[in-house]
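# Observations on chain architecture
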Amino acid sequence: MQTIAERLNSALKGIDQAATSAHRPPNSVKLLAVSKTKPVSDIMEAYEAGQRMFGENYVQEGVEKVQELSHLDDLEWHMIGPIQSNKTKIVAEHFDWVQSVDREKIARRLNEQRPDSLPPLNVCIQVNIDDEESKSGISPGELPSLIEFIESQERLTLRGLMAIPKANPSAEQQHKSLAKLKDLFDHYHTSLSNFDTLSVGMSSDMAEAIQHGSTMVRVGTAIFGKRN
């Protein structure tokens, strides 16, 4: 059985190969290791192999890991799951990024509750690119007003867009969704100074996402194995 370090290395090689195929430099795509449901010992194994960016889906579980590993000051923690309004305070206090902002209320609370002792919280807006009822995220048509609001918040820095495209689509549907997302990203990337992140692509669709401009892929299973 492969170790976490070996699987991490394979994921990084896969990113490099996909970027090269897309005529992009390998360093244009970052790897976010999704560590939800995995023990701190797994995160430490990935850390010792060089990984620094970790993504968590569940607030309480994520905060506990952040606290347990607070002695490692070079870790970067991303909240990538949905956030209830009663959980914004501990997210604002413990995470470096929130990729799942999808409404003004959550953005306002994160801004108000971000401690002054910490740098502004990096946020991405989650877009429901395929208009799936079962998924969080806003429609593309709602983007302009939420972008304007987040840009007005002093304790938030708008970094880009995040999406979870439809699972197991046809090749045509996959291309259509990813191309639509890239068009949205490119539109705002040219006009907003810190808007540099398109977070899309997971273990199963990483190469296709990179082909369509992803700057950050979120990989869990291919690094840590199946969820506990």
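Structural notes, computed from the coordinates.

Cut-offs and rules
- Residues numbered from 1 in each chain as written.
- Predicted model: local features only at pLDDT ≥ 70, side-chain atom pairs only at ≥ 80, totals over all residues.
- Heavy atoms only, no water.
- 1 Å grid on protein atoms, 1.4 Å probe; cavity = no way out; pocket = protein on both sides within 12 Å on 5 of 7 lines; lining within 4 Å.
- Points joined across faces, edges and corners; volume = space filled by probe spheres on them.
- Nonpolar A, V, L, I, M, F, W, Y, C, P; charged D, E, K, R; others polar.
- Buried < 20%, exposed > 50% of the residue type's maximum accessible area, 1.4 Å probe, protein only.
- Helix = DSSP H or I, 4+ residues; strand = E, 2+ residues; numbered from the N terminus.
- Pairing = 2+ DSSP bridges.
- Right-handed = clockwise from strand over helix to strand, strands pointing away.

## Re empty space enclosed by the protein
Taken as a whole, this structure holds one cavity of 30 Å³ or more when the rule is applied. Quantified by volume, the largest cavity comes out at close to 30 Å³. Pro-82, Ile-83, Ser-100, Asp-102, Arg-103 and Ile-106 are the residues that line the largest cavity. For the lining of the largest cavity, the per-class residue count stands at three nonpolar, one polar and two charged.

## Overview of the pairing of strand β4 (residues 97–101)
Side-chain direction in a regular strand flips from residue to residue, so the side chains alternate between the two faces of the sheet. Where burial is concerned, most of β4 is hidden: five out of the five residues are buried. Pairing of strand β3 (residues 76–79) with β4, which is carried by two bridges, proceeds in the parallel orientation. Residue His-78 lies in a different strand from β4, and its bridge partner there is Trp-97. In this region the chain leaves β3, passes through helix α4 (residues 88–94) and returns to the parallel neighbour β4; the handedness of that crossover is right-handed. Read as a crossover between parallel neighbours, the route from β4 over helix α5 (residues 104–113) to strand β5 (residues 121–127) is right-handed.

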